[in-house]
Amino acid sequence: MSLSGLFVRKVIAPLWAIKEGTPYLRHLKALEGSKQRPVEEVQAEQLQRLRRLLVHAAAHTDFYRERLSSVMERPETATWEQFAQIPLLTKDDIRSNKERMVARTVPPDRLIPVKTSGSTGVSLDLFIDEDSAQWKRAVTITYDRWAGWDLGERVGAIWGNPDNRANWRMYLRNVLLTRYEYLDTLKMDEREMLRYHRILRRKPPVILFGHAHSLFLFARFIQQKGLPAITPRGIISTCMVLHDFERATIEKVFGCRVTNRYGCEEVSLIACECPEGNMHLNGDTLIVEFIRDGKPAKPGEAGAIVVTDLTNYGMPFIRYKVGDVGIPSDGTTCACGCTYPVMESLEGRVADYVVTPDGNYISGISLTENFAMHLPGVKQMQIVQEKIDFLVFRIVRGALFSERTVADIDRLAAERFGSRMAYEIEYVDSIQSERSGKYRFCISKLPNPFS
Ligand SMILES: [Zn+2]
């Protein structure tokens, strides 16, 4: 590690934490060895923490008092079976009950308002209490270390809406402590990417961090322009599905491993890839479940991702449906030493599934790889499911687009969706990413087993 990085970690970070009165460095110490504990010990500790949260939520919020009373009489002795009876918390529940979910015992100045970027088009307002935010900060650092980064080292962040220059305090904090260099994903044109490349050459980051697709775009830009190499120690891809072809390009261009990570603004980090390449669930602050048709999904079977945040007492999130689908693995141990369960794969959003008239569910991620990737004439594509037997293919034509492409689309559509699925092609000039910087390949307007 560089001398300046060490100085930030050993001197500036502790001083800053004292000045802010933030305990995250203490939490960081408490988390040492947490991921290597025996599974039984982890589960027993989680149950204790869960009971504490249930007692608090039932006593201090109207929403959970009602919700829990139908399932259990005494939250202090709740069992895993009773926990599994608690109705899932949906985004609609939160929208209609925000105030009733906030704990009366937590002072308003300890509540941090969060507005999610709204991956499904509608954003969500919620609160995270200050203590929870400090735990999340510490936990994230423990997972950052899996990618080769540690506190105090330079970060290149490809991210939407950077706020580090919002005021001089934030600016100073960034220069001295967090050391982020941003490329705004909402302004990723050639000029900005060239400027960013120049900065990273001058001040090489230890880690590159960003949305999978934005990292991919930046890597491809460097490759196509033949720009001199940027060689971080590691790369963290987060917030959205990382496709194999994106990972391959990013790893080739930057010459290092990509650590894939999954999380959301509501509960922060949900899963992170370890050095062995397995996506471990975050057992430090969360209980994570996979639910299909109201029951736990079997290993290898897709299920809606449901999380309980063990730290947010300000506005408890108990059995919250994130809106994404994942596949739990069979529970075999990982060679990295971490005992937290592994997620076999992240399948993307609930609303990204296409349902065929034959009753098959095809995830957006598999369609990207088995449909769009086979069409060289298509520059960009989006599939919108309007009805059970009707799709709209929105297509941006590339230089190789021809009558042959149209025939290929017809053949692939019959193969993937069956002969009963009708479709229409809509040619467009561009397909915009959403406000969050995410790009959606599939949008379905129909319900599925995860919804
Ligand atoms: Zn592992």
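Residues numbered from 1 in each chain as written. Predicted model: local features only at pLDDT ≥ 70, side-chain atom pairs only at ≥ 80, totals over all residues. Heavy atoms only, no water.

Chemist: Help me understand the sheet that holds strand β4 (residues 180–184) in this model?
Modeler: Adjacent strands of a sheet pair through backbone hydrogen bonds, lying either parallel or antiparallel. Pairing in this open sheet of 12 strands is mixed, and the strands run β4-β3-β5-β6-β7-β8-β9-β14-β13-β12-β10-β11 from one edge to the other. The sheet is open, and its two borders are formed by β4 and β11 (295–296), each paired with just one other strand. Where strand β8 (residues 268–273) and strand β9 (residues 279–281) come together, three bridges link them in antiparallel fashion. When the bridges of β9 are listed, C272 appears paired with H280. (Pairing = 2+ DSSP bridges. Helix = DSSP H or I, 4+ residues; strand = E, 2+ residues; numbered from the N terminus.)

Chemist: Any chance you could explain the packing of helix α10 (residues 212–225) against helix α11 (residues 244–254) here in plain terms?
Modeler: Close contact between α10 and α11 brings their axes to 9 Å; oriented N to C, the two are set at 50°. On the basis of their axis angle, the class for α10 and α11 is oblique. Crossing angle aside, the handedness with which α10 passes α11 is left-handed. Contacts between α10 and α11 involve A212, H213, L215, F216, F218, A219, I222 and Q223 on the former and, on the latter, F245, E246, T249, I250, K252, V253 and F254. For the contact of α10 with α11, the per-class residue count stands at 10 nonpolar, three polar and two charged. (Axes fitted to C-alpha atoms, helices over the stretch in contact; angles between N-to-C directions. Parallel < 35°, antiparallel > 145°, perpendicular 65-115°, else oblique. Left-handed = near helix turned anticlockwise from the far one by under 90°. Contact = heavy atoms within 4.5 Å. Nonpolar A, V, L, I, M, F, W, Y, C, P; charged D, E, K, R; others polar.)

Chemist: What is the right way to read the pairing of strand β10 (residues 286–292) from this model?
Modeler: Where a strand is regular, its side chains alternate between the two sheet faces. For β10, the buried fraction is high: six of the seven residues fall into the buried class. Of the strand pairs in this sheet, β10 and strand β12 (residues 303–309) are connected by six bridges, and their pairing is antiparallel. Note on β12: the bridge partner recorded for I291 is A304. For β10 and β11, the ladder comprises two bridges, and the chain directions are antiparallel. Paired with I291 across the strands is P296, a residue of β11. Linking two consecutive strands that pair antiparallel, namely β10 and β11, is a turn of two residues; a positive phi of about 50° is found at D293 within it. (Buried < 20%, exposed > 50% of the residue type's maximum accessible area, 1.4 Å probe, protein only.)

Chemist: I would appreciate a short explanation of the nonpolar core in the present structure.
Modeler: For soluble globular proteins, nonpolar side chains are generally found buried alongside one another. Judged by nonpolar contacts, the single largest core of 50 residues is most densely connected at Y262, I270, I305, V307 and M343. Examining the composition of this core, we find that six residues originate from one element, helix α3 (residues 39–60), more than from any other. If you look at the next biggest cluster of nonpolar residues, it comprises 27 residues, including V42, I236, C334 and Y340. (Core = buried A, V, L, I, M, F, W, Y, C linked by side-chain atoms within 4.5 Å.)

Chemist: I keep staring at the pattern of salt bridges and nothing clicks. Help me out?
Modeler: One side chain can pair with another of opposite charge once the charged atoms of both are near each other. The tally for this structure, following the rule as stated, stands at 29 salt bridges. Of the charged contacts, one joins K203 and E181 as a salt bridge, the two residues approaching to 3.5 Å between their closest N and O atoms. Here the residue K203 occupies a position in the loop between α9 (190–202) and β5 (207–211), and E181 occupies one in strand β4, the gap between them amounting to 22 residues. Classification of K203 by relative accessible area gives partly exposed; the value is 32%. We classify E181 as buried; its relative accessible area is 16%. Among the ionic pairs, R411 bridges to E415, the shortest N-O distance being 3.3 Å. Linking R411 with E415, this pair stays in helix α13 (residues 403–417), spanning four residues, or about one helical turn. In this structure R411 comes out as partly exposed when scored by relative accessible area, which is 42%. A single network of salt bridges, built from pairs that share partners, joins R404, D408, R411, E415 and R416. (Salt bridge = Lys/Arg side-chain N within 4 Å of Asp/Glu carboxyl O.)

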